[in-house]
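Listed here are the chains, written in short residue letters.
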Amino acid sequence: MEPSLVTSIGKIQLERPVMLASGILGISLDVFNRLYRSGAGAVVSKSLSTEPWDGYPNPTIFGINGGGWINAVGLSNPGAPNFAKMIEPNKDVPIIISLVGSIPEDFSTMVEQFKNSKVIAYELNLSCPHVAKVGLEVGDDPELVKKIVSTVKNSTNVPVIAKVGLGTTHYLNTVSAAIDSGIDAITAINTIRAIAIDVETQRPILSNKFGGLSGTPIKPIALRCVYEISSKYDIPIIGCGGISTWEDALEFILAGASAIQIGSAIGDNWIHVFNDINKGILQYMKRKGYSKIDEMIGLAKKS
Amino acid sequence: MQRNLNHTKICVIEKVIDETPTVRTLIFSDDVMSSVLPGQFAMVWIPGINELPMSVMIAQESGKAAFTVRKHGPASTGLFNVKVGQQIGVRGPYGNSFDLKQGKLLLVGGGTGLVPMMRLLTHIKPNDDVTVLIGAKSKNEVFFEDLANNLLKNNPHRVIVTTDDGTYGEKGFVTSMVEKLVNEINFDGIYTCGPEIMMYKTVQLAHSRGLFVQASLERMMKCGVGICGSCCVGEDLVCKDGTVFDGDHLISNKEFGRFHRNKAGILENY
């Protein structure tokens with residue numbers, strides 16, 4: 001019998017384990033449809049704020065020699081009300097809405113705005129490393145994380161995921177705070193705060209100076225985080241950070257992830273990456289004799 | 001190590017040509033940019049100011065490339081004001097290119113949309129019969145007429161200029177001339193770049209007559225590599241699927257000619 005790529009992240013069930021990460025290609029329902037047809041098991045929207053944000057001026061992205069990216073797009077997004085209206089016609093695509101805000105009410109207000117949309121989960125961005133007063137600055141405050149998670153959990157029956165990253169507070173404290181307040185799953189990790197300087201002009205390249213490092217350079221770090229979270233907590237995990245091949249995806253599953261997200265690899269290999277990873281995982285499962293993703297989750301912790 | 005095309009490469013401006021009071025061509029040396037295909041673009045960094053997508057201009061000398069810019073917003077004005085000896089950063093090239101047909105060709109350019117048309121002229125075959133349409137608002141905004149004639153000097157060709165106010169060339173919109181020509185001539189290939197409404201009408205006129213047509217689109221672009229999503233048009237990403245699209249495809253795109261997105265990604269009417 002053909003192995004199944006179906007996977008569950010707590011109550012969230014996906015046909016395929018590879019999703020689009022937040023911040024990537026996420027402003028058009030038409031593009032979501034295309035990504036779903038291209039093999040994505042779900043798509044995560046750009047992080048939405050209560051009002052539209054233009055983001056930072058260019059340059060907003062920089063390709064590192066040797067691989068990887070630094071970006072500071074600045075969470076540009078059309079705002080939650082506009083986005084909710086845009087996805088109203090959605091029938092087929094499993095959409096996860098990423099939300100960014102400063103206070104619990106920002107998040108609960110936006111969740112309310114999506115109540116008539118077909119949404120399979122919310123992902124709270126507690127980890128963007130380059131925008132003030134949101135993202136990592138929120139994630140670094142475990143008490144605020146508790147309040148936000150509790151408020152959102154009280155506002156909706158849709159599963160809620162916390163996306164954590166590496167900031168000044170140990171990320172495991174953020175994970176712990178989110179779990180204490182009833183979070184349904186954890187996405188780990190976001191980009192890591194970084195900078196690129198041009199030696200000819202002797203200035204930082206990104207308009208915001210600091211950006212988030214993503215792509216292959218952060219994969220081993222992200223993998224370590226997934227392994228640590230799954231070793232310490234009984235919580236569904238979505239692995240994110242530098243995944244570009246089916247082997248990368250399987251490493252995260254073996255470390256304890258129930259699903260994975262793809263971001264930077266789209267900049268390198270375009271959207272074929274979804275089907276390439278799906279095919280690779282299926283072939284691996286056939287070769288190793290697995291019938292379900294679930295049989296492989298966390299196997300690396302046994303050794 | 002092979003050059004990482006996503007890594008900004010610093011280039012020095014060697015020559016500046018004033019095309020009109022508001023349009024300049026900046027020439028620099030770069031082997032990668034000198035050999036790009038017509039329709040491809042680069043992300044151009046003006047240090048301290050901004051970075052913007054630019055179609056890459058002709059390289060009449062080996063190893064040289066150029067950008068032609070009209071001063072408009074802060075970024076393009078920043079590039080317009082770059083002097084000889086100053087540095088810019090380039091990454092890319094990105095995007096696809098025009099499919100070159102042979103025979104009777106029509107090139108329709110409006111404003112700085114003429115840039116990829118000029119690059120395309122450097123790739124045509126000696127026997128191609130080429131008509132170039134240059135659309136401008138008025139006489140002082142006409143440029144590249146001599147360049148087009150020069151590039152086509154060994155081909156059967158004609159260069160027609162239209163101005164909206166009739167101060168030079170034929171009076172009227174360039175699309176009126178497109179309509180006249182496609183009614184007279186069975187073109188083997190039509191190529192266009194410029195304001196989207198102009199391209200929309202050109203594509204409609206060509207498509208309705210069953211003629212092969214391609215357009216090079218422009219959208220708000222932040223990353224250039226298919227990550228930020230800012231440049232989406234319907235299901236398409238201009239940076240990865242374009243900038244060049246077939247007329248057949250564009251006709252079925254519900255946003256082409258109708259909507260574009262602002263910096264926040266909100267759809268706005270043209």
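Just so it is clear, the structure is predicted and the values come from calculations on it, not from any experiment.

Novice: Where do I start with the overall build of chain B in this structure?
Specialist: Of the regular secondary structure elements, chain B holds eight helices and 17 strands. At 18 Å, chain B has a C-alpha radius of gyration in line with the 18 Å of a compact globule built from 270 residues. Dimensions of chain B, computed from the C-alpha atoms along their principal axes, are close to 50 × 40 × 40 Å. The buried share among the 270 residues of chain B stands at 58%. Considering only contacts in chain B between residues 6 or more positions apart, those separated by 24 or more positions represent 66%. In chain B, 28 side chains carry a positive charge and 28 a negative one; their mean positions are 4 Å apart.

Novice: Is there a simple way to explain the interface of chain B and chain A in this structure?
Specialist: It is common to give the size of an interface as the accessible area that goes away when the parts come together. In this assembly, 38 residues from chain B lie in contact with 40 residues from chain A. When the buried surface of chain B facing chain A is broken down by residue, Trp45(B), Ile227(B) and Glu235(B) rank first, second and third, together holding 21% of it. Run the count over chain B and chain A and you get three salt bridges. Note that Asp30(A) is salt-bridged to Lys254(B), the shortest N-O span being 3.2 Å. One can count 17 residue pairs in polar contact (both at pLDDT 80 or more) joining chain B with chain A. Going through the elements one at a time, strand S3 (41–46), strand S4 (50–55), strand S6 (87–94), strand S14 (236–237) and helix H7 (238–241) of chain B are the ones with two or more residues in the side of chain B that touches chain A. When grouped by side-chain class, the residues that make up the side of chain B that touches chain A number 15 nonpolar, twelve polar and eleven charged.

Novice: Is there a simple way to think about the packing of aromatic side chains in this case?
Specialist: We describe a pair of aromatic rings using the distance from one ring centre to the other and the angle between the two ring planes. Inspection of every chain in the model, using the stated rule, returns ten aromatic pairs over all chains. On the numbers, 6.1 Å between centres and 65° between planes, the contact of Phe32(A) with Phe83(A) is edge-to-face. A residue pair is termed long-range when its members are at least 10 positions apart, and Phe32(A) in helix H1 (residues 29–37) and Phe83(A) in helix H2 (residues 80–87) qualify at 51 residues. On the accessibility criterion, Phe32(A) (0% relative accessible area) is buried. Geometrically, the ring pair formed by Tyr200(B) and Phe256(B) is edge-to-face, given 5.6 Å between the ring centres and 65° between the ring planes. You can see Tyr200(B) sitting in helix H6 (residues 196–208) and its partner Phe256(B) sitting in the loop between helix H8 (247–251) and strand S16 (259–261), a full 56 residues away along the chain. Taken as a pair, Tyr200(B) and Phe256(B) share a single burial class, namely buried. Feature note: the residues Phe32(A), Phe83(A), Phe114(A) and Tyr122(A) constitute an aromatic cluster, connected by ring pairs.

Novice: Sorry, what's going on with the sheet that holds strand S11 (residues 192–195) of chain A here?
Specialist: Note on sheets: strands pair through backbone hydrogen bonds, and any given pair is parallel or antiparallel. All names here are of chain A. Taking strand neighbours across the sheet as the criterion, the four strands line up as S5-S6-S14-S11 in an open arrangement whose pairing is antiparallel. With one partner strand each, in any of the chains shown, strand S5 (61–63) and S11 form the two edges of the open sheet. Geometrically, the sheet is characterised by an average inter-axis angle of 35° between neighbouring strands, direction not taken into account. The pairing of S11 with strand S14 (residues 210–214) spans four bridges and is classified as antiparallel. Each bridged residue has a counterpart across the sheet, and for Ala 194 the counterpart in S14 is Gly 211.

Novice: Is there a simple way to think about the UniProt feature "active site" (unreviewed entry) in chain A in this case?
Specialist: Residues and elements named next belong to chain A. According to UniProt, the feature "active site" (unreviewed entry) maps to Cys 128 in the numbering used here. In this structure, Cys 128 sits in the loop between strand S8 (121–125) and helix H4 (136–139). Dropping the residues within four chain positions of it, Cys 128 is found in contact with Leu 75, Val 134, Gly 135, Leu 136 and Asn 190.

Novice: Help me understand the sheet that holds strand S7 (residues 95–99) of chain A in this model?
Specialist: Residue and element names in this part refer to chain A. Strand order in the closed barrel formed by eight strands is S3-S4-S7-S8-S9-S10-S15-S16, with parallel pairing between adjacent strands. Sheet twist, expressed as the mean angle between neighbouring strand axes with direction ignored, is 25°. Pairing geometry for S8 and strand S9 (residues 160–164), over four bridges, is parallel. Within S9, the position partnered with Tyr 122 by the bridge is Val 160.

Novice: Would you take a moment to explain the environment of Arg209(B) for this structure?
Specialist: All names here are of chain B. Residue position: Arg 209 is located in the loop between H6 and strand S12 (213–216). For Arg 209, a relative accessible area of 33% puts it in the partly exposed group. When the C-alpha atoms of Arg 209 and Asn 186 are compared, they prove to be 8.8 Å apart, with 23 residues separating the residues in sequence. Of the polar contacts made by the side chain of Arg 209, one reaches the side chain of Asn 183; its length is 2.8 Å. Within the structure, the side chain of Arg 209 is placed 3.1 Å from the side chain of Ser 208, a separation counted as a polar contact.

Novice: What is the right way to read the confidence of the model for chain B from this model?
Specialist: In low-pLDDT segments, the atomic positions of the prediction should not be examined closely. Residues at a pLDDT of 70 or more form 99% of chain B, whose mean pLDDT is 95. Reported for the predicted complex are a pTM of 0.95 and an ipTM of 0.93.

Novice: Can you walk me through a nonpolar patch on the surface in this structure?
Specialist: On the surface, Ile195(A), Ile197(A) and Phe210(A) cluster together into a nonpolar patch covering about 270 Å² of accessible area. Looking at the element boundaries, Phe210(A) is found in strand S14.

Calculation rules
Residues numbered from 1 in each chain as written. Chains lettered and ligands numbered in written order. Predicted model: local features only at pLDDT ≥ 70, side-chain atom pairs only at ≥ 80, totals over all residues. Heavy atoms only, no water. Helix = DSSP H or I, 4+ residues; strand = E, 2+ residues; numbered from the N terminus. Rg over C-alpha atoms; globule rule 2.2 N^0.38 Å. Buried < 20%, exposed > 50% of the residue type's maximum accessible area, 1.4 Å probe, protein only. Contact = heavy atoms within 4.5 Å. Lys, Arg positive; Asp, Glu negative; His and termini not counted. Charge placed at Lys NZ, Arg CZ, Asp CG, Glu CD. Buried area = accessible area lost by both parts, 1.4 Å probe. Salt bridge = Lys/Arg side-chain N within 4 Å of Asp/Glu carboxyl O. Polar contact = N/O pair within 3.5 Å; in protein donor to acceptor, adjacent residues only side chain to side chain. Nonpolar A, V, L, I, M, F, W, Y, C, P; charged D, E, K, R; others polar. Phe/Tyr/Trp six-rings, centres within 6.5 Å; stacked < 30°, edge-to-face > 60°. Pairing = 2+ DSSP bridges. Axes fitted to C-alpha atoms, helices over the stretch in contact; angles between N-to-C directions. UniProt positions renumbered as here; feature names shortened; annotations may be inferred. pLDDT = per-residue confidence, 0-100. Patch = residues over 30% accessible without salt bridge, like charges linked within 9 Å, V, L, I, M, F, W, Y side chains within 5 Å. Areas by Shrake-Rupley, 256 points an atom, 1.4 Å probe, with all protein chains shown as cover.

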